[in-house]
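If you want the building blocks of each chain, they are given just below.
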Amino acid sequence: EEGNWTDEDGCKREAVDLVVDLLVSKSEMLEDYFSLEIDEEGSLCALPMICTRELVPDQRKLPNFLLALGHDTEWESEKACFMGIADAIAELYSSEMTHVPSQRSGACVDEEVEALCLEEERAIQNVVFPLLRSSLRPSARRAMDATVVQVASLEKLYKIFERC
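Scoring rules and cut-offs
Residues numbered from 1 in each chain as written. Predicted model: local features only at pLDDT ≥ 70, side-chain atom pairs only at ≥ 80, totals over all residues. Heavy atoms only, no water. Helix = DSSP H or I, 4+ residues; strand = E, 2+ residues; numbered from the N terminus. Buried < 20%, exposed > 50% of the residue type's maximum accessible area, 1.4 Å probe, protein only. Contact = heavy atoms within 4.5 Å. Areas by Shrake-Rupley, 256 points an atom, 1.4 Å probe, with all protein chains shown as cover. Patch = residues over 30% accessible without salt bridge, like charges linked within 9 Å, V, L, I, M, F, W, Y side chains within 5 Å. Salt bridge = Lys/Arg side-chain N within 4 Å of Asp/Glu carboxyl O. Core = buried A, V, L, I, M, F, W, Y, C linked by side-chain atoms within 4.5 Å.

### Examining the overall build of the protein chain
And then number 1: Scanning the protein chain for helices and strands turns up 7 helices and 2 strands.
And then number 2: For the protein chain, the α and β elements follow one another from N to C terminus as α-α-β-β-α-α-α-α-α.
And then number 3: Put simply, the protein chain has 164 residues, and 19% of those count as buried.
And then number 4: Considering only contacts in the protein chain between residues 6 or more positions apart, those separated by 24 or more positions represent 45%.
And then number 5: In the form shown here, the protein chain has an accessible surface area of approximately 13,000 Å², with 53% of it arising from carbon and sulfur atoms.

Quick look at the structure:
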């Protein structure tokens with residue numbers, strides 16, 4: 001982020017050039033394993049599609065994504081490298097819902113912001129939740145350490161309502 005950069009960090013242009021050179025040198029591996037395409041000039045040509053075409057990452061996150069790939073990835077260790085890249089992709093696709101003040105509060109709501117919120121809401125309801133419902137298979141460790149918690153069971157809910 002702009003606010004975190006100091007003179008001690010060095011020249012931004014040099015840092016960018018180092019990241020670009022590193023990513024270009026790793027481009028074949030990134031494309032083979034992650035469908036992340038970077039051309040010889042260092043241009044980002046393709047991002048991995050993690051779910052469906054409807055789930056598109058926030059373009060404003062791209063600079064931090066590329067910086068994380070170049071700076072935060074441990075390229076010398078295969079497992080750590082893959083985990084670092086997966087973490088960067090997960091952060092890129094993570095959703096930070098746009099907060100829109102309620103129209104009942106009397107706040108002026110920009111139509112563009114409202115449309116963005118509706119788009120985010122639809123993507124979560126129609127893409128993310130159905131994918132989680134059909135595809136999420138947490139490991140036993142994740143199920144036991146409360147990372148993933150079952151909120152309700154349809155069978156148990158039916159039993160409760162049958163008693164009423």
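That was the structure; now back to the text.
### Digging into unusual backbone geometry
And then number 1: A positive phi angle, near 55°, is found at serine 35, a position not held by glycine.
And then number 2: Considering the arrangement of structural elements, one finds serine 35 in the loop between helix H2 (27-34) and strand S1 (37-38).
And then number 3: Under the relative-accessibility criterion, serine 35 is labelled partly exposed at 46%.
And then number 4: Although it is not a glycine, alanine 146 sits at a positive phi angle of roughly 70°.
And then number 5: Counting through the fold element by element, alanine 146 comes out in the loop between helix H6 (140-144) and helix H7 (154-163).

### Section: a nonpolar patch on the surface
And then number 1: On the surface, Leu154, Leu157, Tyr158, Ile160 and Phe161 cluster together into a nonpolar patch covering about 530 Å² of accessible area.
And then number 2: Mapped onto the fold, isoleucine 160 is located in helix H7.
And then number 3: Looking at isoleucine 160, the relative accessible area reads 42%, which means it is partly exposed.

### Section: the nonpolar core
And then number 1: Leu23, Leu30, Phe65, Leu69 and Ile85 are the most contacted members of the largest nonpolar core, which has 19 residues in total.
And then number 2: Secondary-structure elements contributing two or more residues to this core are helix H1 (12-25), H2, helix H3 (62-71) and helix H4 (78-93).
And then number 3: If one sorts the elements of this core by residue count, H4 sits on top with 6 residues.
And then number 4: When near neighbours in sequence (up to four residues on either side) are disregarded, leucine 69 contacts Leu23, Leu36, Trp75, Ile85 and Ala88.

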